[in-house]
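Residue-level listing of the chains:
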Amino acid sequence: EAGVTQFPSHSVIEKGQTVTLRCDPISGHDNLYWYRRVMGKEIKFLLHFVKESKQDESGMPNNRFLAERTGGTYSTLKVQPAELEDSGVYFCASSQLQGPHEQYFGPGTRLTVT
Amino acid sequence: LAKTTQPISMDSYEGQEVNITCSHNNIATNDYITWYQQFPSQGPRFIIQGYKTKVTNEVASLFIPADRKSSTLSLPRVSLSDTAVYYCLVGDNNDMRFGAGTRLTVKP
């Protein structure tokens, strides 16, 4: 069974540019989460989808971040325009809606804004 | 959401048992306790989850007292490859937040 995948693995962009991160959850997982880890700090929750609906987006830092999950499958996280403080590692995780409570994490996307 | 408190770092030696305790005084009735392990440049990996008493799997044990205000992750006979950050999370399936984690360093 394929795990959670994220694309790209690394992205280097200039301040003011736009970047879109993609997450493909495990097939059948209705829960999808985005987290990020800014250098030297703890992993922070960004938002949670249940299928295509945003269940909780309280962790989104500001309106430069837009997450979508059209069709309830893969999700994208767009940062527009990117700022220096957006640099970090963005993780995606998925889990089943019922049953085991384990979140499966992807390898992360390392974003560097210069 | 219940806040978790765990030691920032711990050192151990190969072959020893390591116990990492997490405090979660405000745990709610519906909350589970979950531990994740994270290696550098990788996403967190699930280790174990429990609600009360003791849970054991092939890699760890989780001890939860009756009041559930704390929990202890026990790693038997650690090896160098167990060097990682260990996170204690408290919440239900749909809402878990990471704390700062405990950086475990296993020395030869």
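Computed from a predicted model, the values in this text were never measured in an experiment.

### Some words on the nonpolar core
- With 21 residues, the main nonpolar core has Trp-34, Leu-46, Leu-47, Met-60, Leu-77 and Tyr-90 of chain A as its most contacted residues.
- At the level of elements, strand E3 (19-24), strand E4 (31-37), strand E5 (43-50), strand E7 (65-68), strand E8 (75-79), strand E9 (88-95) and strand E11 (109-113) of chain A are the ones that each hand at least two residues to this core.
- Beyond its immediate sequence surroundings of up to four residues, Leu-46 of chain A is in contact with Trp-34, Tyr-35, Arg-36, Asp-56, Glu-57, Ser-58, Gly-59, Met-60, Pro-61, Leu-77 and Tyr-90 of chain A.
- Residues Leu-62, Ile-64, Tyr-86 and Leu-104 of chain B belong to the second largest nonpolar core, which totals 20 residues.

### A closer look at the state of the cysteines
- On inspection of all chains with the given rule, the structure shows two disulfides over all chains.
- What pairs with Cys-23 of chain A in a disulfide is Cys-92 of chain A, and their sulfur atoms sit 1.8 Å apart. One quick way to see it: the torsion about the S-S bond of Cys-23 of chain A and Cys-92 of chain A is about -60 degrees, and its sign makes the bridge left-handed. Taken together, the positions of Cys-23 of chain A in strand E3 and Cys-92 of chain A in strand E9 put the pair 69 residues apart, joining distant regions of the chain. Neither Cys-23 of chain A nor Cys-92 of chain A differs from the other in exposure class; each is buried.
- Two residues, Cys-22 of chain B and Cys-88 of chain B, share a disulfide whose sulfurs are 2.2 Å apart. Disulfide Cys-22 of chain B-Cys-88 of chain B: the torsion about the S-S bond is -80 degrees, which places it as left-handed. Linking Cys-22 of chain B in strand E2 (residues 18-23) with Cys-88 of chain B in strand E8 (residues 84-92), this pair joins segments that are 66 residues apart in sequence. Both residues of the pair, Cys-22 of chain B and Cys-88 of chain B, belong to the buried class.

### As for the side chain of Gln-6 of chain A
Residue and element names in this part refer to chain A.
- Checked against the element boundaries, Gln-6 lands in strand E1 (residues 5-7).
- At 2.9 Å, the side chain of Gln-6 and the backbone oxygen of Tyr-90 are in polar contact.
- Of the polar contacts made by the side chain of Gln-6, one reaches the backbone nitrogen of Cys-92; its length is 3.0 Å.
- Setting aside its immediate chain neighbours within four residues, Gln-6 contacts Arg-22, Trp-34, Tyr-90, Phe-91, Cys-92, Gly-106, Pro-107, Gly-108 and Thr-109.

### Side note on the pattern of salt bridges
Residues and elements named next belong to chain A.
- Here the structure, examined in full by the defined rule, presents seven salt bridges over all chains.
- The closest approach of N and O atoms between Glu-83 and Lys-15, which form a salt bridge, is 3.9 Å. Taken together, the positions of Glu-83 in the loop between E8 and E9 and Lys-15 in the loop between strand E2 (10-13) and E3 put the pair 68 residues apart, joining distant regions of the chain.
- Measuring nitrogen to oxygen at the nearest pair gives 3.9 Å for the salt bridge that ties Glu-42 to Lys-44.

### What to know about the pairing of strand E7 (residues 70-75) of chain B
Residue and element names in this part refer to chain B.
- Burial runs high along E7: five of the six residues are buried.
- The sheet contact formed by E2 and E7 spans six bridges and is antiparallel. Note on E7: the bridge partner recorded for Thr-21 is Thr-72.
- Pairing analysis gives three bridges linking strand E6 (residues 61-64) to E7, with the strands arranged antiparallel. By the bridge assignment, Phe-63 is partnered in E7 with Thr-72.
- Linking E6 to E7, which pair antiparallel, is a turn of five residues; within it Arg-68 sits at a positive phi near 60 degrees.

### Overview of the interface of chain A and chain B
- Between chain A and chain B, the residue contacts involve 21 residues of the former and 18 residues of the latter.
- In total, about 1,700 Å² of surface goes out of reach between chain A and chain B, with carbon and sulfur atoms giving 46% of it.
- Our count for the chain A to chain B interface comes out at zero salt bridges.
- Linking chain A with chain B are three residue pairs in polar contact (both at pLDDT 80 or more), by the criterion used here.
- Elements with a contribution of two residues or more to the side of chain A that touches chain B: E4, E5 and E9 of chain A.
- Grouping the amino acids of the side of chain A that touches chain B by side-chain chemistry returns nine nonpolar, eight polar and four charged.

Reading the values: rules and limits
Residues numbered from 1 in each chain as written. Chains lettered and ligands numbered in written order. Predicted model: local features only at pLDDT ≥ 70, side-chain atom pairs only at ≥ 80, totals over all residues. Heavy atoms only, no water. Core = buried A, V, L, I, M, F, W, Y, C linked by side-chain atoms within 4.5 Å. Buried < 20%, exposed > 50% of the residue type's maximum accessible area, 1.4 Å probe, protein only. Helix = DSSP H or I, 4+ residues; strand = E, 2+ residues; numbered from the N terminus. Contact = heavy atoms within 4.5 Å. Disulfide = S-S within 2.5 Å. Polar contact = N/O pair within 3.5 Å; in protein donor to acceptor, adjacent residues only side chain to side chain. Salt bridge = Lys/Arg side-chain N within 4 Å of Asp/Glu carboxyl O. Pairing = 2+ DSSP bridges. Buried area = accessible area lost by both parts, 1.4 Å probe. Nonpolar A, V, L, I, M, F, W, Y, C, P; charged D, E, K, R; others polar.

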